[in-house]
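Read off the chains here:
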Amino acid sequence: MNVEEIQESVSYLKSSDALMALSQDPYWPKWDGPWWHMLLFHEMGVTGLIPKEIIPPFIASLNRLPLKIFPIQPADYPPGLDPYRGSACHCQIGTVYQVLSSCGVNVDAQLPWMRSWILNYQMPDGGYSCDNNAYLVKDEVPSSMVGLISVFEALLLCTPRPWTKDEKTTLDKGAAFLIERKLINGSATEHNKSERDSAKKWADLCFPRFYHYDILRGLNAITLWAEKTGGQIPESAIKEAIKLVEDQAVNGQLKQRRKIYENTNTFFVDEKKEWSTQRRPASIFPLVAAVNQPEQDSPFLSQQWHQVKDRLAKIKLT
């Protein structure tokens, strides 16, 4: 464990600086605002280290978002709304749901708009897209693997009761999307053709994921779905993904293959205490730097791989 860096993040989340940041925005700036410290703790499996006193201000910050919908039509945008900071995205909704649920928060009670969000924005093929314009495309369905994965995980893992019919349908359509893509393929559409280039990196495992996708994350999600719902996975749909991960494992250990924070820009509060209209390169905090070391063994990825293999030994592939 990276004790010094962990304590530094705990101290930051207890600070007035963190409260000030949440009074300004629940998400920005990347990757060093309070939310990213919280999400990293969750991905490390130490959600309990998130100070309890930061949870209510974080929830309040989310509830202050001007829009509780994903704006698609021009009429969805009120005059003067910042299109980037005025509403959440699917990746944010899915990860927030998971972190807060793990903190013991009744998300449906305190953020009641989030579950309906997950159910309302699934595309016809079972995927999602954080590209608002993708929902306006008429001749194809330009959904995104990244847009799907966190909301799929949230609905699967954070429903402490039997799923409703609509929830189960949403889950099964999401699983069908992952299966059809074989966990490794980018979009075949013209509108989202850039995802085919992104997919070339999905075999490069990363930690933390934050809002990124890799094939181990996909394997973890689809095997959890099969375990929890009894759904069946065709062997042909996951065998290539399994081999891609197996080929990287040395004595059961997996290495990280990419830096998740490179080439990312962020909005920020400028010297006038106003949100900039331009972006600058995103910053990171010491704990991210400590755990995101490409070509080093990752205990977090290795543990998830062992969990996936355990599930694969129990579930029946078709």
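Our structure is the block above this text.
Residues numbered from 1 in each chain as written. Predicted model: local features only at pLDDT ≥ 70, side-chain atom pairs only at ≥ 80, totals over all residues. Heavy atoms only, no water.

Novice: Teacher, can you tell me more about the overall build of the chain here?
Specialist: Helix and strand counts for the chain stand at 14 helices and 2 strands. Relative to the compact-globule value of 20 Å for 318 residues, the chain shows a C-alpha radius of gyration of 19 Å, a close match. Each of the three principal axes of the chain carries a C-alpha extent, and together these read 60 × 50 × 40 Å. Within the span of the chain, comprising 318 residues, buried residues form 52% of the whole. Look at the contacts in the chain between residues 6 or more apart in sequence, and 71% of them connect residues 24 or more apart. Accessible surface, the chain: about 14,800 Å² in total, of which carbon and sulfur atoms supply 50%. (Helix = DSSP H or I, 4+ residues; strand = E, 2+ residues; numbered from the N terminus. Rg over C-alpha atoms; globule rule 2.2 N^0.38 Å. Buried < 20%, exposed > 50% of the residue type's maximum accessible area, 1.4 Å probe, protein only. Contact = heavy atoms within 4.5 Å. Areas by Shrake-Rupley, 256 points an atom, 1.4 Å probe, with all protein chains shown as cover.)

Novice: What is the right way to read helix α11 (residues 215–229) from this model?
Specialist: The periodicity of an α-helix, 3.6 residues per turn, causes residues three or four positions apart to be oriented the same way. When the terminal C-alpha atoms of α11 are compared, their 21 Å separation across 15 residues agrees well with the 21 Å that a helix rising 1.5 Å per residue should span. Among the 15 residues that make up α11, 12 are buried, leaving the element largely enclosed by the rest of the structure. Residues Ile215, Leu216, Arg217, Gly218, Leu219, Asn220, Ala221, Ile222, Thr223, Leu224, Trp225 and Ala226 constitute the buried set of α11. Lining the buried residues of α11 we find α5 (90–102), α8 (145–157), α9 (165–180), α12 (235–246) and α14 (299–314). The distance from a side-chain oxygen at the start of α11 to the backbone nitrogen of leucine 216 is 3.1 Å, and the residue carrying that oxygen is aspartate 214. (Expected span 1.5 Å × (residues − 1). Polar contact = N/O pair within 3.5 Å; in protein donor to acceptor, adjacent residues only side chain to side chain.)

Novice: I tried to follow the packing of α5 against α8 on my own but got confused; where do I start?
Specialist: A pair of packed helices is captured by two measures, namely the crossing angle of their axes and the spacing between those axes. Viewed as axis vectors pointing N to C, α5 and α8 meet at an angle of 25°, and their least axial separation amounts to 8 Å. By the criterion of interaxial angle, the relationship of α5 to α8 is roughly parallel. Here α5 runs over α8; the crossing is left-handed. Of the residues in α8, those touching α5 at His90, Cys91, Gly94, Thr95, Tyr97 and Gln98 are Val146, Gly147, Ser150, Val151, Glu153, Ala154 and Leu157. Partitioned by chemical class, the residues of the contact of α5 with α8 number 6 nonpolar, 6 polar and 1 charged. (Axes fitted to C-alpha atoms, helices over the stretch in contact; angles between N-to-C directions. Parallel < 35°, antiparallel > 145°, perpendicular 65-115°, else oblique. Left-handed = near helix turned anticlockwise from the far one by under 90°. Nonpolar A, V, L, I, M, F, W, Y, C, P; charged D, E, K, R; others polar.)

Novice: What exactly am I supposed to notice about the pattern of salt bridges here?
Specialist: A side chain with one charge may pair with a side chain of the opposite charge, provided their charged atoms come close. All told, the structure shown has 15 salt bridges when counted by the stated rule. We note a salt bridge from aspartate 197 to lysine 200, for which the minimum N-O separation is 3.4 Å. Note on aspartate 197: relative accessible area 48%, which makes it partly exposed. Note that arginine 209 is salt-bridged to aspartate 214, the shortest N-O span being 3.0 Å. Judged by relative accessible area, which is 6%, arginine 209 ranks as buried. (Salt bridge = Lys/Arg side-chain N within 4 Å of Asp/Glu carboxyl O.)

Novice: Can you walk me through the packing of aromatic side chains in this structure?
Specialist: Given two aromatic rings, their pairing is described by the distance between the two centres and the angle made by the two planes. Scanning the model with the defined rule gives 19 aromatic pairs in all. Between tryptophan 202 and tyrosine 213, the ring centres sit 4.9 Å apart and the planes meet at 75°, which makes this aromatic pair edge-to-face. Linking tryptophan 202 in the loop between α10 (194–198) and α11 with tyrosine 213 in the loop between α10 and α11, this pair joins segments that are 11 residues apart in sequence. A relative accessible area of 4% places tryptophan 202 in the buried class. Here the aromatic residues Tyr27, Trp28, Trp31, Trp35, Trp36, Phe58, Tyr84, Phe210, Tyr211 and Phe267 are joined through ring pairs into a cluster of three or more. One residue, arginine 279, lies across the ring of tyrosine 84, its end atom 4.9 Å from the ring centre. (Phe/Tyr/Trp six-rings, centres within 6.5 Å; stacked < 30°, edge-to-face > 60°. Lys NZ or Arg CZ within 6 Å of the ring centre and 35° of its normal.)

Novice: Just checking my understanding: could you explain the packing of α5 against helix α7 (residues 113–120) for this structure?
Specialist: At their nearest, the axes of α5 and α7 sit 10 Å apart, and the two run at 130° to each other. Considering their axes alone, α5 and α7 lie oblique with respect to each other. Relative to α7, α5 is oriented so that their crossing is left-handed. Residues His90, Ile93, Val96 and Tyr97 of α5 lie in contact with α7, whose contacting residues are Trp113, Met114, Arg115, Trp117 and Ile118. Split by residue class, the contact of α5 with α7 holds 7 nonpolar, 1 polar and 1 charged.

Novice: Before we go on, may I ask you to explain the side chain of threonine 266 in this structure?
Specialist: Within the fold, threonine 266 resides in strand β1 (residues 265–266). Look past the residues within four positions of threonine 266 in its chain and what remains in contact with it is Trp28, Pro29, Lys30, Gln278, Arg279, Arg280, Pro281 and Ala282.

Novice: Is there a simple way to think about the environment of tyrosine 77 in this case?
Specialist: Relative to the assigned elements, tyrosine 77 resides in the loop between α4 (55–63) and α5. For tyrosine 77, a relative accessible area of 28% puts it in the partly exposed group. Separated by 10 residues in the primary sequence, tyrosine 77 and leucine 67 place their C-alpha atoms 8.4 Å from one another. Other than its neighbours up to four places away in sequence, tyrosine 77 contacts Pro71, Pro83 and Asn132. A polar atom in the side chain of tyrosine 77 sits 3.5 Å from the backbone oxygen of proline 71.

Novice: So what exactly am I meant to see when it comes to helix α3 (residues 34–43) here?
Specialist: When you tally the buried positions in α3, you get 8 out of 10 residues, the bulk of the element. Summarising the contacts, the buried residues of α3 are in contact with α1 (3–13), α2 (16–24), α4, α5 and α13 (286–291). Looking one or two residues past α3, glycine 45 carries a phi angle of roughly 80°, positive in sign.

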